[in-house]
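Observations on the three-dimensional arrangement
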Amino acid sequence: MTSKELQALGIEAENLGTSTGSKWFAKGDIISSSSPTNGKLIAKVQCTTRKEYDKVIEAAEKAELIWRDIPAPKRGEVVRQLGDKLRELKPVLGKLVSYEMGKSYQEGMGEVQEMIDICDFAVGLSRQLYGNTIHSERPGHRMYDQYHPLGIVGIISAFNFPVAVWSWNAALALVCGDVIVWKGSEKTPLCAVACQKILADILKANKLPEGISSIISGGAEVGAWMSEDERIPLISATGSTRMGKIVAATVAKRLGKSLLELGGNNAIIVTPSSDLKMTIIGAVFGAVGTAGQRCTSTRRLIIHDSIYDQVKKALVDAYKQIKIGDPLDSNNHMGPLIDTDAVNMYLSALDKIKAEGGKLLTKGEVLKGKGYESGCYVTPVIAEVENHYEIVQHETFAPILYLIKYSGEVSEAISLQNGVRQGLSSAIMTNNLREAELFLSQNGSDCGIANVNIGTSGAEIGGAFGGEKETGGGRESGSDAWKVYMRRQTNTINYTSNLPLAQGIKFDL
Ligand code: UN1
């Protein structure tokens with residue numbers, strides 16, 4: 001990525017990591033962002049200090065009073081401008097995502113497309129923040145419910161979707177009349193700086209005040225300031241289950257709201273009637289796309305024993321074709337892991353698979369030599385395991401695909417698929433209506449996302465996104481996920497000159 005391209009996104013060699021809009025500041029520690037693609041330093045970002053953090057929250061509190069008074073469709077107009085700008089910048093922002101995070105350029109562009117899509121969704125939503133009208137049990141009374149802005153929404157996001165997850169939260173929160181304070185991942189700080197610059201320019205051009213959109217930079221300590229802060233009614237956090245448990249407990253202690261989008265352990269059930277070609281493409285994209293670092297990545301294939309050997313062979317053959325290398329080179333299917341810590345986690349997972357009795361069908365190794373100097377490129381692994389292995393129960397953020405056999409009815413496969421602590425995404429490949437419907441029924445998948453004849457990753461923004469159990473229970477993005485960004489109020493109006501009480505209670509003075 002050239003310095004000219006970086007400059008088009010407002011990235012300099014040294015960047016301030018705190019912004020309330022057009023004002024940028026930061027005096028804290030320096031984070032150096034290096035590309036996992038080649039190990040080279042991209043740029044530096046200064047972290048937020050506690051004092052600066054308070055300045056940001058004070059600006060957000062002031063801005064909230066103005067922003068919430070602007071009619072929702074007018075707020076939608078600002079989000080429309082954000083979507084338009086993102087259309088223009090899609091190639092270069094997609095490139096930054098690919099370069100700083102390591103996913104393929106195609107996927108980097110796909111991530112920016114998700115941003116554009118959610119902006120479009122939010123623009124429409126800005127005219128549809130509907131409540132219900134309710135028939136009162138009392139004569140001459142009217143009831144309805146309505147939704148008001150919550151205030152400040154704190155967004156904590158992860159490295160794997162360094163721009164899209166922000167936009168899911170930002171676009172909805174903004175049309176809902178909230179102001180946003182975002183802490184991106186310290187592994188992808190430049191993506192956050194770039195997004196903030198894009199939105200800040202639009203807010204400024206619309207003569208809107210400081211503090212409607214802010215970013216802060218830093219690690220867990222900065223996240224803890226947000227979670228503890230009573231001035232932030234909603235914390236939306238995406239990341240590991242370990243992080244989510246800490247955030248949830250801290251926010252619950254002050255009875256704040258949290259929206260948690262945590263780990264997955266996503267499976268595809270491969271039934272005897274499945275279409276083999278579709279199954280292989282879905283499984284391979286799900287397992288090696290983003291180098292297995294999506295929360296929706298396919299981790300497990302639960303395959304019927306009658307077709308197990310056939311699926312296994314087709315998969316091993318498909319894995320031989322996977323090209324690993326610079327994600328900006330469109331010939332490659334898979335880029336690097338985010339950093340060498342992730343590489344070590346991948347290696348230790350492979351050791352654990354072997355120690356528990358699993359068998360690796362492809363060689364798991366760290367690639368060396370030309371083009372692999374960053375030390376973050378690994379080979380994708382297929383492993384034969386049993387579902388109950390400790391390592392299989394755990395989400396390893398790496399391209400490791402587990403093969404698990406089932407023998408009887410599809411209900412056996414469903415109980416294996418549900419037999420993990422996480423509950424994000426799931427899929428069944430079948431041409432059997434009974435199996436498909438059972439999988440989608442109350443006795444079927446226990447995940448927030450359940451698909452038929454597509455894989456586990458690549459959800460569209462139109463649906464509510466999130467999962468159950470250790471995935472955290474939150475829903476972001478489409479459908480009616482917007483409701484979590486607003487406070488709900490029930491109103492009862494009496495237009496008579498009597499005061500009848502509910503439940504027929506008599507109370508005369
Ligand atoms: C994530 O991995 O944090 O369904 C989000 C998908 C994407 C979003 C993934 N639309 O894979």
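Residues numbered from 1 in each chain as written. Predicted model: local features only at pLDDT ≥ 70, side-chain atom pairs only at ≥ 80, totals over all residues.

1. Looking at the overall build of the protein
Secondary structure summary: the protein contains 13 helices and 24 strands in total. For 509 residues, the compact-globule estimate of 2.2 N^0.38 gives 23 Å, and the protein sits close to it at 24 Å. With respect to the three principal axes, the spread of C-alpha positions in the protein is 80 × 60 × 40 Å. For the protein, contacts bridging at least 24 residues in sequence account for 73% of all contacts bridging at least 6. (Helix = DSSP H or I, 4+ residues; strand = E, 2+ residues; numbered from the N terminus. Rg over C-alpha atoms; globule rule 2.2 N^0.38 Å. Contact = placed C-beta atoms within 7 Å.)

2. Some thoughts on the site of the ligand
Lining the immediate surroundings of the ligand are Glu114, Asn160, Phe161, Val165, Thr238, Arg294, Cys295, Thr296, Ser457, Gly458 and Ala459. Tallied by class, residues from the shell around the ligand come to four nonpolar, five polar and two charged. (Near = placed C-beta within 6 Å. Nonpolar A, V, L, I, M, F, W, Y, C, P; charged D, E, K, R; others polar.)

3. Some details on the environment of asparagine 344
If you trace the backbone, asparagine 344 turns up in helix α11 (residues 340-355). A residue is classified by how many C-beta atoms lie within 10 Å of it, and asparagine 344, with 12 of them, is exposed. Between the C-alpha atom of asparagine 344 and that of arginine 421, which follows or precedes it by 77 residues, the distance is 23 Å. (Buried ≥ 20, exposed ≤ 12 C-beta atoms within 10 Å, placed from the backbone.)

4. A look at the sheet that holds strand β4 (residues 30-34)
Strand pairing in a sheet takes place through backbone hydrogen bonds and is either antiparallel or parallel in direction. Read across the sheet, three strands follow the order β1-β5-β4 without closing on themselves; strand pairing throughout is mixed. Each edge of the sheet is formed by a strand with only one pairing partner; in this case those strands are β1 (14-16) and β4. Taken over all neighbouring pairs, the strand axes of this sheet differ in orientation by 25° on average, direction set aside. Two elements, β1 and strand β5 (residues 41-46), share three bridges in a ladder whose sense is parallel. In the strand pairing of β5, leucine 16 is matched with glutamine 46. (Pairing = 2+ DSSP bridges. Axes fitted to C-alpha atoms, helices over the stretch in contact; angles between N-to-C directions.)

5. Considerations on the packing of helix α9 (residues 276-288) against helix α10 (residues 308-320)
At a closest axis distance of 10 Å, the pairing of α9 and α10 adopts a crossing angle of 50°. Regarding the angle of α9 to α10, the classification is oblique. Both α9 and α10 take part in a crossing whose hand is right-handed. Packed against α9, whose contacting residues are Leu276, Thr279, Ile280, Ala283 and Val284, the element α10 presents Val311, Ala314, Leu315 and Ala318 at the interface. (Parallel < 35°, antiparallel > 145°, perpendicular 65-115°, else oblique. Left-handed = near helix turned anticlockwise from the far one by under 90°.)

6. Considering the sheet that holds strand β7 (residues 141-149)
Strand order across the open sheet formed by three strands is β6-β7-β24, with antiparallel pairing between neighbours. The open sheet has two edge strands, β6 (133-135) and β24 (486-494), and neither has a second partner. Averaged over neighbouring strand pairs, the angle between their axes works out to 25° when direction is ignored. Sheet topology note: the β7/β24 ladder contains nine bridges and is antiparallel. Residue pairing for β24: methionine 143 is matched across the bridge by threonine 492.

7. Brief notes about helix α5 (residues 164-175)
Counted at 1.5 Å a residue, the expected span for α5 with its twelve residues is 16 Å, and the 17 Å between its end C-alpha atoms agrees. Of all twelve residues that make up α5, twelve are buried, and the element is covered over most of its length. Three or more residues of α5 are buried, namely Ala164, Val165, Trp166, Ser167, Trp168, Asn169, Ala170, Ala171, Leu172, Ala173, Leu174 and Val175. The first or second residue beyond α5 is glycine 177, which carries a positive phi of 95°. (Expected span 1.5 Å × (residues − 1).)

8. Observations regarding the environment of valine 97
By secondary structure assignment, the location of valine 97 is in helix α3 (residues 72-101). Note on valine 97: 27 C-beta atoms within 10 Å, which makes it buried. In sequence terms valine 97 and threonine 290 are 193 residues apart; their C-alpha atoms lie 11 Å from each other. Among all residues touching valine 97, those that are not within four sequence positions of it are Lys103, Gly108, Glu111, Pro162, Val163 and Cys191.

9. A word on the nonpolar core
The biggest cluster of nonpolar side chains holds 138 residues, and the ones touching the most others in it are Cys119, Ala122, Ala171, Leu172, Leu301 and Tyr485. Dropping the residues within four chain positions of it, leucine 301 is found in contact with Ala267, Ile268, Val270, Ala283, Leu401, Leu403 and Ile404. (Core = buried A, V, L, I, M, F, W, Y, C linked by C-beta atoms within 7 Å.)

10. Points about the pairing of strand β9 (residues 179-183)
The element β9 is extensively covered by neighbouring structure, given that five of its five residues are classed as buried. For strand β8 (residues 152-156) and β9, the ladder comprises five bridges, and the chain directions are parallel. Paired with valine 153 across the two strands is isoleucine 180, which belongs to β9. With respect to chirality, the unit in which β8 leads through α5 into the neighbouring parallel β9 is right-handed. Bridge analysis of β9 against strand β10 (residues 213-216) gives four bridges, and the strand direction is parallel. (Right-handed = clockwise from strand over helix to strand, strands pointing away.)

11. Here we look at the packing of α3 against α5
Between two packed helices, what matters for the description is the angle formed by their axes and the separation of those axes. Taken N-terminus to C-terminus, the directions of α3 and α5 make an angle of 150°; their axes are 8 Å apart at the nearest point. Here α3 lies roughly antiparallel to α5, going by the angle between them. Contact residues: Ala72, Arg75, Gly76, Val78 and Val79 in α3; Ala171, Leu174 and Val175 in α5. In terms of residue class, the contact of α3 with α5 is made up of six nonpolar, one polar and one charged.

12. So, the UniProt feature "domain: Aldehyde dehydrogenase" (unreviewed entry) in the protein
As recorded in UniProt, the feature "domain: Aldehyde dehydrogenase" (unreviewed entry) lies at residues 30-490. Taken end to end, residues 30-490 comprises 39% helix and 20% strand; its first and last C-alpha atoms sit 48 Å apart. (UniProt positions renumbered as here; feature names shortened; annotations may be inferred.)

13. Some details on the UniProt feature "active site" (unreviewed entry) in the protein
The feature "active site" (unreviewed entry), as given by UniProt, occupies Glu261 in the numbering adopted here. The topology assignment puts glutamate 261 in strand β12 (residues 257-261). Judged by the 30 C-beta atoms lying within 10 Å of it, glutamate 261 falls in the buried class.

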